[in-house]
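Okay, here's what each chain looks like letter by letter:
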Amino acid sequence: MFRLAMAVLCLVASGLCRAQAQPASPAPAPTAEPPPSAAGQRVYEGARHRLVQVRTLLRGQDSQASVGSGFLVSDEGHLVTNYHVVSDVALQPQRHRLVYSTADGRHGALQLLAVDVVNDLALLRAADPRPLAGRGAFEFRSADSPPGRGERIFALGNPLDVGFAVVEGAYNGLAERSFTPTIFFGGSLSAGMSGGPALDDQGRVMGVNVATRRDGEQVSFLVPGAAAQALFERGRAAAPVTEPMYAEITRQLGTHQQRLVERFLAQPWRTTSHGGFEIPVPQEDYMRCWGSTTPPGGKGLEFERSDCAMDSRVFVSHVLVTGHLSVRHEAYDGRRLGALRFAQRYSASFQNEPFGGKTTQLTAPACHEGEVARPATAGGRGSPPLRTVMCLRAYRKLPGLYDVHVLVAALDQSALGVQGRFDARGVSYDNALRLAAHYLKGYAWQAPKNASR
Amino acid sequence: MAGAEERLALIEVIERDGRVRQQCDVRRWPVTIGRALDADVVLDDPHVAARHACIAPDEVGRLWLEVGDTRNGVRVGRRTLAAGERLAIEAAPADTWHLGHTRVRVRLVGEPLAAERALVAPAGSGVTIAASLLLWALFLGERWIESDPDAGLPVWLPAVIGPPLAMVVWCAVWALASKLFQHRFEFAAHWALAARWLLALMVGSSVITQGAVALAWPGLFRLAEPYEAAVLACGIFLHARLVLASHARTLAVSVVAAYAVGAAVLVALNHQREQPWVGPLYMHVLPLPHWRVARPQAPEAFVERARSLKATLDARARAEPDEADTPVIDSEPE
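Rules used throughout
- Residues numbered from 1 in each chain as written.
- Chains lettered and ligands numbered in written order.
- Predicted model: local features only at pLDDT ≥ 70, side-chain atom pairs only at ≥ 80, totals over all residues.
- Domains from an automatic or database assignment.
- Helix = DSSP H or I, 4+ residues; strand = E, 2+ residues; numbered from the N terminus.
- Nonpolar A, V, L, I, M, F, W, Y, C, P; charged D, E, K, R; others polar.
- Contact = placed C-beta atoms within 7 Å.
- Core = buried A, V, L, I, M, F, W, Y, C linked by C-beta atoms within 7 Å.
- Buried ≥ 20, exposed ≤ 12 C-beta atoms within 10 Å, placed from the backbone.
- Pairing = 2+ DSSP bridges.

Overview of the domain arrangement of chain A
Residue and element names in this part refer to chain A. Domains assigned within chain A are domain 1 (38–244) and domain 2 (251–445). The distance between the C-alpha centroids of domain 1 and domain 2 comes to 37 Å. At three residues, the largest contribution of residues to the side of domain 1 that touches domain 2 is made by helix 2 (residues 83–91). Partitioning the side of domain 1 that touches domain 2 into residue classes produces four nonpolar, four polar and three charged.

A word on the interface of chain A and chain B
If you look at the interface, chain A gives 62 residues, while chain B gives 47 residues. Among the secondary structure elements, those contributing two or more residues to the side of chain A that touches chain B are strand 18 (320–322), helix 5 (339–351), strand 20 (366–372), strand 21 (386–394), strand 22 (402–410) and helix 6 (429–440) of chain A. It is helix 5 of chain A that contributes the most residues to the side of chain A that touches chain B, eight residues altogether. Tallied by class, the residues present in the side of chain A that touches chain B amount to 34 nonpolar, 16 polar and twelve charged.

Quick notes on the nonpolar core
If you look at the biggest cluster of nonpolar residues, it comprises 140 residues, and the most contacted ones within it are Val86, Leu121, Val404 and Ala436 of chain A. Ignoring sequence-local partners within four residues, the contact set of valine 86 of chain A consists of Val54, Thr56, Thr81, Leu98, Leu112, Ala122 and Leu124 of chain A. Grouped together as the second largest cluster of nonpolar side chains are 20 residues, Ala9, Ala53, Leu65 and Val106 of chain B included.

Observations regarding the domain arrangement of chain B
Along its sequence, chain B is carved into domain 1 (7–108) and domain 2 (126–272). Look at where the C-alpha atoms of domain 1 of chain B and domain 2 of chain B centre, and you get two points 45 Å apart.

Comments concerning the sheet that holds strand 24 (residues 444–445) of chain A
Residues and elements named next belong to chain A. Sheet architecture is open: three strands sit in the order 13-14-24, paired in antiparallel fashion. The sheet is open, and its two borders are formed by strand 13 (270–274) and strand 24, each paired with just one other strand. As judged from the two bridges shared by strand 14 (residues 277–281) and strand 24, these two strands associate in the antiparallel manner. Bridge pairing in strand 24 links glutamate 278 to alanine 444.

Take a look at the structure:
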């Protein structure tokens, strides 16, 4: 029923577009950049000996599973990088190990101390801090001096595993409609620079390189430095990770989903109407909605489509991206077709809805279905009858988290119809039920035209 | 003597397809069967001995099958009699004697006859014509619903010609099978069968589906697929019985067994995939507004009922996933 017509969205931690080097999949050709300014050269000179390349190797053989960048944040050898650079080690420490290499050719083993999956950050420490001693550490820019839009930012890292580099760009404020705070960096990040620092012209950390948009030019994203600083403060004394971190990741995702669900439920629906009733559409504070319609002059079923999804998603592993919501609907008009033909197409559209199957990460869906309608009461308008299918899937390795999908079709009219779908990924069971009820209650008969709204 | 001329029995040599190849009147006992020219019933099977068997009465007039000097013996039902053995005729079912590769049947005077078998309803009968026309109308109606309002001849032509053509091909294939085994090209009989079971399939399936969606009973909806499979199995059984009339029992057992095995395999596969045992994941057909009889639930009550799915999901999550069915990325298709 729904087909995304928009450009591929590649955002924070969406495993599909991480700025992480995958030698087999070269990044798009960067746009022509002017050579670094004098300030850029100065920043790079001051920073290069505190930069490292972070490599994940398969234990037993030295082939690399992924490559990213990292930077020193303490004199004891603490380093910050992206979670997605080290996710293999966080989830399968028995099969992977981490090593660093510096611009001046020093190598050593790394230990994983802590992760922040929601912000896509990880804290590492050199197993032997001596080769990194005396290099100093990056400072974080204080929250008291907020950057101005257009301020220069210098992103550092090791793009595509070809050597350390500095990329100059502009600070453009926080990315709009992002649930997780993310800095919009007007510059070109390349794969492999993930986890590198983005510095102001005094060499202070403003953010951590994290992602780029494939469909844009010079549209990249940084994790705000404050999140990295918080992770460092929290995890600097932690013991190295030796067991898979599923329990900790589950805890972090649990906190994230609770915050997301509370904020989502606190928002009233915006509504749009069709066929005499209202259809729930989410606020666009941290969701982005796209619309489409049938081309003019069609002879068959006409429809209008709205597709709202969150840009912020949480990367857990190469096969699991979660922690986001989406709301969609299609409004159908089959008056040119007649009731029987409309019914056939309306059913076919309802049939064409995937809920996923059994995978290594998620169970197959289990569904509950029936007809739902809200009776009109003194306090509120009723809703049209909705054929409703509610399917849930459980996460195998993140116990207590579920995906919920709610599919509805309005049943009251013979040539007009609305089908909607709500999806939430990585939420608790109670929240899944709350969200489903919230969504179903978003449908209502339209208020009489003369009534005030 | 007039009595000696009376027919005492009839010995029939039967082809593999059940037709009688050779008949021998028996007007006196004993009767010898074999390849020798002086046998009473002469067989041309190289796996038959010169004097393979003999049917003779004992002192009290009871008839016995006596096996002669043969290395292959005589198979009666599942039992094989070796040279020199004998068996009372009443214990030897008449139509299942095998001498070498030859089937022999002995019909005795006074045996009860099977009832006369009815002819299959001829295709020209009113019911068949009505069923065929109704089927065609259903196909055309379906096509009409699927087509856009101003669909032209290119859309309609296949719909008008296609189903009858498919039916002709289906019945012709079965009729050819009949020709092979029964030596009759029973096209009309197969058509009569096909029209009936196909109509039962389409109408029954629609009634189940529309009834289930009108009542909002997913359990009933799931029965549509097993019902269709059952009608199809019945249809194939009826066609096959027309082709192999003498093996009706074997065919019935085979079809039922195939249905049961197929169902068991599907259920097992669905269980392995964590899918519902039977039928689709959800009721994907929507009711027509005027046909709805289900009473809707309030959103809160509906959602609360989904709470019971948690135990199922948690049990599935605890089970180790099969690493073989490695999946794709669990994110939105882009």
